[in-house]
Amino acid sequence: MKILSGIQPSGQLHIGNYFGMMQTMISHMETSDLYVFIVDLHAMTSVHDRDRLAAGTLEAAADFLALGLDPERCTFWVQSDVPEVCELTWILSTISPMGLIERCHSYKDKIANGLEPSHGLFSYPVLMAADILLYQADQVPVGQDQKQHLEVARDLAQKFNHFFGETFVVPEPAINKAMATVPGLDGRKMSKSYGNTIPIFLEGKALKKRIMAIETDATPVEAPKDPDKCNLYALLKLFAEPGRLQEVRDLYLNGGAAYGYIKLELFDLLSDYFAGARKKKAEYLADPALLREILKNGAEKARAKAMVTLDLVRQRVGLKY
Ligand code: ADP
Ligand code: TRP
């Protein structure tokens, strides 16, 4: 089974990205033919700053490797290092119905959040479809927010196959329903665009400051509270051992849960949880030549697959004469 997913290098990766996507992808390394990539071309729909994009790409690579992705046991690369994806995007765009792309809500959401309404932002789902179809992925693990983009990729694969003959695997979305959305400091979904994140590798004072800023209600310590309505508890749940979590749950239900104290406990847990990975990340970032080498090797592997698909596509549509 071929499993593929990408992540944008448009900001520091946060614990929502980790529990929502990265951890799942890393675990698939054991059992699947895994494709993981950093979608720098997609990030260009919101980042127009050379240094930020380049540094963000290397940093996202360091994040994945530090968290346990083994480039020997998967294909790990940067999207733009396989230029075939741009050609396939164009070919797919010629069969993409305007109505289908116009219905995508992420474009409207992003504009509502202040992004410039560019053609790239509008045609983002076509590039994403090309990402998926180029590697003939069977399954694509994504968050709920990407489900509609997966539908576009499926529609385009089916339409292409119908017009030009069987060419693409029609990919299945894999939405992990058991994994609730990780809440941010303010209780909304943790997201770069809301500025409410806890970056995975934050540490020391900066980490403590973020954790102390987790919004909680004004219930007095002695009063009973509902743990399932508290974003501090939802975050603690990701890191605390089951026994300790039950103790805290009882304190919530029976009174006696002090938010300040629980925040300090969360700070310690988070510091420890990522300690090993934090050290590895620093080592990778100190050796950008190694990171580039790993990504270059990954791109070669990915490109070999991409070329086979694109060659077939070119034949099918008549670009081979
Ligand atoms: P952001 O909202 O911070 O911009 P992205 O949209 O780049 O994050 O998401 C990258 C991946 O991480 C996607 O697969 C997405 O579903 C997952 N993800 C992002 N935020 C969360 C969250 N708060 N909880 C669970 N998964 C998340
Ligand atoms: N659009 C996805 C996101 O923002 C990232 C992405 C780009 C992707 N291409 C992909 C995810 C292909 C899965 C497969 O999260």
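Residues numbered from 1 in each chain as written. Chains lettered and ligands numbered in written order. Predicted model: local features only at pLDDT ≥ 70, side-chain atom pairs only at ≥ 80, totals over all residues. Heavy atoms only, no water.

### Side note on the site of ligand 2
- In the vicinity of ligand 2, 14 residues are found, and the nearest of them are Gln8, Tyr124, Met128, Asp131 and Gln146.
- In this structure, an oxygen atom belonging to ligand 2 sits 3.3 Å away from a side-chain N or O atom of glutamine 8.
- Take aspartate 131: an N or O atom from its side chain is 2.7 Å from a nitrogen atom of ligand 2.
- Starting from 370 Å² of accessible surface for ligand 2 in isolation, the protein chains cover 90%.
- Tallying contributions element by element places helix α7 (residues 119-134) first for the shell around ligand 2, with four residues.
- Counted by class, the shell around ligand 2 contains eight nonpolar, five polar and one charged residues. (Near = heavy atom within 4 Å. Polar contact = N/O pair within 3.5 Å; in protein donor to acceptor, adjacent residues only side chain to side chain. Areas by Shrake-Rupley, 256 points an atom, 1.4 Å probe, with all protein chains shown as cover. Helix = DSSP H or I, 4+ residues; strand = E, 2+ residues; numbered from the N terminus. Nonpolar A, V, L, I, M, F, W, Y, C, P; charged D, E, K, R; others polar.)

### Considerations on the site of ligand 1
- The immediate surroundings of ligand 1 are formed by 14 residues, with His14, Gly143, Val182, Ser191 and Lys192 found nearest.
- Here an oxygen atom of ligand 1 and a side-chain polar atom of aspartate 145 are 3.4 Å apart.
- Measuring from an oxygen atom of ligand 1, one finds a backbone N or O atom of lysine 192 at 2.7 Å.
- Per element, the largest residue contribution to the shell around ligand 1 is four residues, and it comes from helix α1 (residues 15-28).
- Taken together, the residues of the shell around ligand 1 break down into four nonpolar, seven polar and three charged.

### Focus: the nonpolar core
- Membership of the largest hydrophobic core comes to 58 residues, with the highest contact counts inside it found for Ile15 and Phe76.
- Residue-level mapping places this core at the junction of two domains, with at least three residues from each of domain 1 (2-182 + 287-317) and domain 2 (202-273).
- In contact with isoleucine 15, other than residues within four places in its own chain, are Val182, Met190, Ile198, Ile200, Leu235, Phe239, Leu270 and Phe274.
- Core analysis: the second largest hydrophobic core is formed by 42 residues, Val85, Leu100, Ala129 and Val142 among them. (Core = buried A, V, L, I, M, F, W, Y, C linked by side-chain atoms within 4.5 Å. Buried < 20%, exposed > 50% of the residue type's maximum accessible area, 1.4 Å probe, protein only. Domains from an automatic or database assignment. Contact = heavy atoms within 4.5 Å.)

### A word on the domain arrangement of the protein
- If you check the domain split of the protein, you get domain 1 (2-182 + 287-317) and domain 2 (202-273).
- Taken over C-alpha atoms, the centre of domain 1 sits 35 Å from the centre of domain 2.
- With six residues of domain 1 at the contact, the number on the domain 2 side is five residues.
- Interface area for domain 1 against domain 2, summed over the two sides, is near 420 Å², with a carbon-plus-sulfur share of 82%.
- Contact with domain 2 buries surface across domain 1, with Ile15, Phe19 and Val182 losing the most and accounting together for 75% of the total.
- Viewed at the interface, domain 2 and domain 1 are joined by zero salt bridges.
- If you look at where domain 1 meets domain 2, you find zero residue pairs in polar contact (both at pLDDT 80 or more).
- Residues that form the side of domain 1 that touches domain 2 fall into these classes: five nonpolar, one polar and no charged. (Buried area = accessible area lost by both parts, 1.4 Å probe. Salt bridge = Lys/Arg side-chain N within 4 Å of Asp/Glu carboxyl O.)

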